[in-house]
Amino acid sequence: MDDQPRLSLDGVQPSSGRGLGGSALQRRGQTYWSRSRKEALAAWLFILPDFIGLLIFVAVPMVLSLSLGFFSVNGFGGYKFIGLANYSRMFHDPLFLESIEVTIIYVVVLVPGLYVTGLGLALLVQQKIPFIGLWRSLFFMPYVVSLVVIALIWKVLLIEKVGFLNQMLALVGLQGQAWLGDPKFALGAVLAVTIWFLMGYYMIIFLSGLQEIPREYYEAARIDGANAWTMFINITLPLLRPTSFFVILVSTVAAVSGSSSFDLIYVMTNGGPANSTSLAVFYIYEQAFKFNDYGYAAAMASTVVVILLAITVVLFALTRGGRFHLA
Amino acid sequence: MDRVKAPVFRVSRWMLFFSTATLAIITASPLVWMISASLKEPGEIFNSSLLPQHPTLDNFRYVFTQLPFLRYILNTFFVAGTITVIALLFHSMAGYAFARLRFPGRESIFLIIFSTFLVSLQVIIVPLFILVQKMGLVNTYAGLIIPVTFNAFGIFLLRQFYLGIPADLQEAAIIDGASYWGIYWNIMLPLSRPILSALAVFFFLVNWNAFIWPLTITSNQDLWMVQIAIASFQGQYSAAWNYIMAASVVVAIPTLVLFFLFQRQLVESIKTTGIK
């Protein structure tokens with residue numbers, strides 16, 4: 001069953017694009033004219049609910065977000081066209097620029113961090129070890145708990161002086177810190193908790209990628225006298241490329257758009273101390289819903305969208321689609 | 001070959017076993033700590049011992065009697081459950097059409113729909129909120145449910161699944177005079193029960209854990225979902241960590257139970273997202 005979807009996916013959509021599907025449709029068109037119309041009508045009716053939903057709740061907000069940035073919106077819903085004022089304000093807003101800086105550090109640490117921990121754990125739990133199912137579950141477990149609960153747990157564990165982590169550090173003679181109260185450490189703490197939370201998810205993704213690699217390759221390499229490291233570099237990594245592409249794309253998009261830690265930051269640090277954990281999306285949210293500055297927030301949000309699009313395009317270009325069999 | 005290697009292999013295997021087990025236990029320990037803390041007395045919470053000295057259920061009693069916590073739980077069950085059911089119905093319909101029905105523009109429409117998966121809620125939340133506000137859905141169940149029901153990921157996964165079902169099945173049914181709806185309802189849906197149950201667990205979890213949308217769209221406490229409740233509970237009782245941990249356990253337990261019951265399905269649904 002695992003093999004069938006991909007086989008037929010390739011059959012339905014050859015890499016040459018829509019050629020085959022189109023001509024097949026035309027060929028059928030002459031003999032089955034009424035059936036193909038009936039089929040197309042049925043297809044549209046099947047797709048309609050999701051199509052309308054995505055149109056109203058995703059596409060329209062996207063377009064609105066681009067246009068809303070040109071308006072000043074007051075708390076009573078009055079709109080005033082102000083041209084590029086929101087955009088020029090953005091580039092002179094030290095807090096926004098700082099939040100972009102925080103976002104860059106966050107992405108640059110989080111994406112490789114998740115890649116290494118996810119792949120490392122996958123390699124570990126791929127081995128035949130007693131109770132392997134249990135160990136896999138334990139690595140994955142944090143991921144099913146909500147980020148709000150995660151934030152609350154770590155808020156207590158990281159408390160100054162009496163927190164669990166500092167007590168453990170004291171046991172081995174290390175100096176505890178105000179992990180969440182010190183601008184030097186807060187972003188690091190947020191990043192560590194995020195990696196701990198998400199690594200089990202990426203472990204599963206990498207595990208399924210590893211399982212796709214034919215055993216015979218390793219057997220052959222072993223006969224040729226290859227050691228574990230050369231096998232990893234010459235077999236595992238190249239054959240994992242599609243999985244790696246997927247992991248990097250998804251984790252980057254999640255990191256930039258803040259979906260991997262908005263809740264965490266909201267509850268654990270609220271952007272502080274001294275804005276040190278204020279990601280761009282967090283700052284935007286505050287401007288919109290704390291200060292009701294919708295126009296300004298939309299202008300900043302559309303900037304983030306542009307950055308996201310650019311990253312996606314670059315990732316696709318760099319990897320030539322990463323053999324991303326989508327269509 | 002294996003017999004020659006055996007002794008060395010055994011030592012490294014034990015080391016592998018112990019390091020994996022230790023890492024796994026450390027990874028899970030904050031969750032164990034939460035459960036332990038929820039059973040501790042107020043004065044004991046920063047005691048470094050992992051087990052409570054005098055286990056008590058007082059914290060849970062407090063959470064359920066002093067707060068309308070049951071109401072928040074029911075709200076969340078209702079909202080997450082409704083989203084799951086509607087989403088599975090709509091996504092399987094669309095997935096079936098994209099996989100098994102021919103119509104002009106199929107590939108380009110699918111690509112457009114799929115590309116919306118790059119758009120996260122955080123990025124469009126301002127215009128989305130304004131839109132939903134204009135529709136009069138602020139502080140309503142509809143406002144909590146409808147805007148977050150539609151996502152391209154579910155459509156994509158179900159389409160992949162239906163592509164794996166032999167096309168002959170549909171041809172045969174059409175020759176027998178079945179309608180497209182009949183094929184979908186009587187053949188495709190029953191066949192896709194495994195993936196639907198996997199997605200159901202996944203969708204329910206995601207929506208049970210949802211925070212930013214409920215936070216934005218509801219100010220009326222009667223409509224609060226559990227995540228909002230514990231976040232604001234912490235704001236009010238900032239030092240009463242024993243109560244906060246008890247409330248957190250109540251919120252986390254359903255997800256952990258779901259995880260242990262449907263682990264296989266959950267892992268399968270995540271695996272299918274790792275597109276190759």
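Residues numbered from 1 in each chain as written. Chains lettered and ligands numbered in written order. Predicted model: local features only at pLDDT ≥ 70, side-chain atom pairs only at ≥ 80, totals over all residues.

Brief notes about the overall build of chain B
A count of helical and extended segments in chain B gives 14 helices and zero strands. In sequence order, chain B lays out its α and β elements as α-α-α-α-α-α-α-α-α-α-α-α-α-α. Here the C-alpha radius of gyration of chain B, 24 Å, is well above what a compact globule of 276 residues would show, namely 19 Å. Out of the 276 residues in chain B, the part that is buried amounts to 44%. Long-range pairs, those at least 24 residues apart, make up 76% of the contacts in chain B between residues at least 6 apart in sequence. (Helix = DSSP H or I, 4+ residues; strand = E, 2+ residues; numbered from the N terminus. Rg over C-alpha atoms; globule rule 2.2 N^0.38 Å. Buried ≥ 20, exposed ≤ 12 C-beta atoms within 10 Å, placed from the backbone. Contact = placed C-beta atoms within 7 Å.)

Let's talk about the overall build of chain A
A tally of regular secondary structure across chain A gives 15 helices and two strands. Relative to its full complement of 327 residues, chain A shows a buried share of 38%. Taking contacts inside chain A between residues at least 6 apart in sequence as the whole, the part at least 24 apart equals 70%.

Some thoughts on the environment of Pro254 of chain B
The topology assignment puts Pro254 of chain B in helix H13 (residues 241-261). Sequence separation between Pro254 of chain B and Phe64 of chain B is 190 residues; the distance between their C-alpha atoms is 16 Å.

As for helix H12 (residues 226-236) of chain B
Counted residue by residue, H12 of chain B has eight buried out of eleven residues, so it is predominantly covered. Considering only its buried residues, H12 of chain B is in contact with helix H7 (147-157) and helix H13 (262-268) of chain A together with helix H3 (69-100), helix H11 (212-217) and H13 of chain B.

Details of the nonpolar core
Membership of the largest hydrophobic core comes to 171 residues, with the highest contact counts inside it found for Ile150 and Met203 of chain A together with Ile230 of chain B. Shared between two domains, this core holds at least three residues of each, these being domain 1 (2-57) and domain 2 (60-273) of chain B. Leaving out residues up to four positions away in the same chain, Ile150 of chain A has contacts with Pro142, Val145, Val193, Phe197 and Leu264 of chain A. (Core = buried A, V, L, I, M, F, W, Y, C linked by C-beta atoms within 7 Å. Domains from an automatic or database assignment.)

Considering helix H15 (residues 294-318) of chain A
If you check H15 of chain A, its first and last C-alpha atoms are 36 Å apart, about what 25 residues at 1.5 Å a residue would give, namely 36 Å. The set of residues buried in H15 of chain A consists of Tyr294, Gly295, Tyr296, Ala297, Ala298, Ala299, Met300, Ala301, Ser302, Val304 and Val305 of chain A. (Expected span 1.5 Å × (residues − 1).)

Here we look at the packing of H3 of chain B against helix H10 (residues 193-208) of chain B
Residue and element names in this part refer to chain B. Where H3 meets H10, the axes come as close as 9 Å, and the angle between the chain directions of the two elements is 140°. Classed by the angle they form, the pair H3 and H10 counts as oblique. For the element pair H3 and H10, the recorded crossing hand is right-handed. Contact with H3, carried on its side by Thr76, Val79, Ala80, Gly81, Ile83, Thr84, Ala87, Leu88 and Ser92, involves Leu196, Leu199, Ala200, Phe203, Phe204, Asn207 and Trp208 of H10 and no other residues of that element. Here the contact of H3 with H10 is composed, by residue class, of eleven nonpolar, five polar and no charged. (Axes fitted to C-alpha atoms, helices over the stretch in contact; angles between N-to-C directions. Parallel < 35°, antiparallel > 145°, perpendicular 65-115°, else oblique. Left-handed = near helix turned anticlockwise from the far one by under 90°. Nonpolar A, V, L, I, M, F, W, Y, C, P; charged D, E, K, R; others polar.)

Section: the interface of chain A and chain B
Across the boundary between the two partners, chain A contributes 89 residues, which contact 77 residues of chain B. A per-element tally of the side of chain A that touches chain B places helix H3 (residues 33-68) of chain A first, with 20 residues. Across the side of chain A that touches chain B, the residue classes break down as 64 nonpolar, 19 polar and six charged.

Focus on the domain arrangement of chain B
By a widespread convention, an interface's size corresponds to the accessible area lost as its parts come together. All names here are of chain B. Per the domain assignment, the segments making up chain B are domain 1 (2-57) and domain 2 (60-273). With centres defined by C-alpha atoms, the gap from domain 1 to domain 2 works out at 33 Å. Across the contact, eight residues belong to domain 1 and eight residues belong to domain 2. Looking at the side of domain 1 that touches domain 2, its residues break down into six nonpolar, one polar and one charged.

A short note on the packing of H15 of chain A against helix H5 (residues 121-134) of chain B
Running from amino to carboxyl end, H15 of chain A crosses H5 of chain B at an angle of 140°, the nearest separation of the two axes being 7 Å. By the angle between their axes, H15 of chain A is oblique relative to H5 of chain B. Crossing of H15 of chain A against H5 of chain B: the hand is left-handed. The residues of H5 of chain B that touch H15 of chain A, namely those facing Tyr294, Ala297, Ala298, Ala301, Val304 and Val305 of chain A, are Val123, Val126, Pro127 and Ile130 of chain B. Looking at the contact of H15 of chain A with H5 of chain B residue by residue, the class counts come to ten nonpolar, no polar and no charged.

Thoughts on unusual backbone geometry
All names here are of chain A. Each neighbour pair has its own omega, and for Gly272 with Pro273 the value is -10°, a cis peptide bond. One non-glycine residue, Asn275, adopts positive backbone phi at about 60°. Tracing the backbone through its elements, the reader meets Asn275 in the loop between H13 and helix H14 (280-289). On the basis of neighbour count, Asn275 is assigned to the partly exposed category, with 18 C-beta atoms found within 10 Å. The backbone of Asn292 sits at a positive phi, close to 55°, despite the residue not being glycine. Here Asn292 shows up in the loop between H14 and H15.

Regarding the confidence of the model for chain B
All names here are of chain B. For chain B, per-residue confidence averages 87 on the pLDDT scale, and residues scoring 70 or more make up 94% of the total. Mean pLDDT values over the elements of chain B span from 77, in helix H14 (residues 263-273), up to 96, in helix H6 (residues 141-145). This stretch, residues 1-8, has a pLDDT under 50; its non-local contacts, to residues over four places away or in other chains, come to zero contacts. (pLDDT = per-residue confidence, 0-100.)

Brief notes about the environment of Phe204 of chain B
All names here are of chain B. Among the structural elements, Phe204 can be located in helix H10. On the basis of neighbour count, Phe204 is assigned to the buried category, with 21 C-beta atoms found within 10 Å. Expressed as a C-alpha distance, the spacing of Phe204 and Thr76, which sit 128 residues apart in the sequence, is 9.8 Å.

Focus: the confidence of the model for chain A
All names here are of chain A. When pLDDT is averaged across chain A, the result is 83; 86% of the residues are at 70 or more. Taken element by element, the predicted model of chain A shows its lowest mean pLDDT in helix H1 (residues 4-12) (35) and its highest in helix H5 (residues 94-125) (95). Of the regions scoring below 50 in pLDDT, residues 1-29 engages in 23 contacts with residues more than four places distant in sequence or in other chains.

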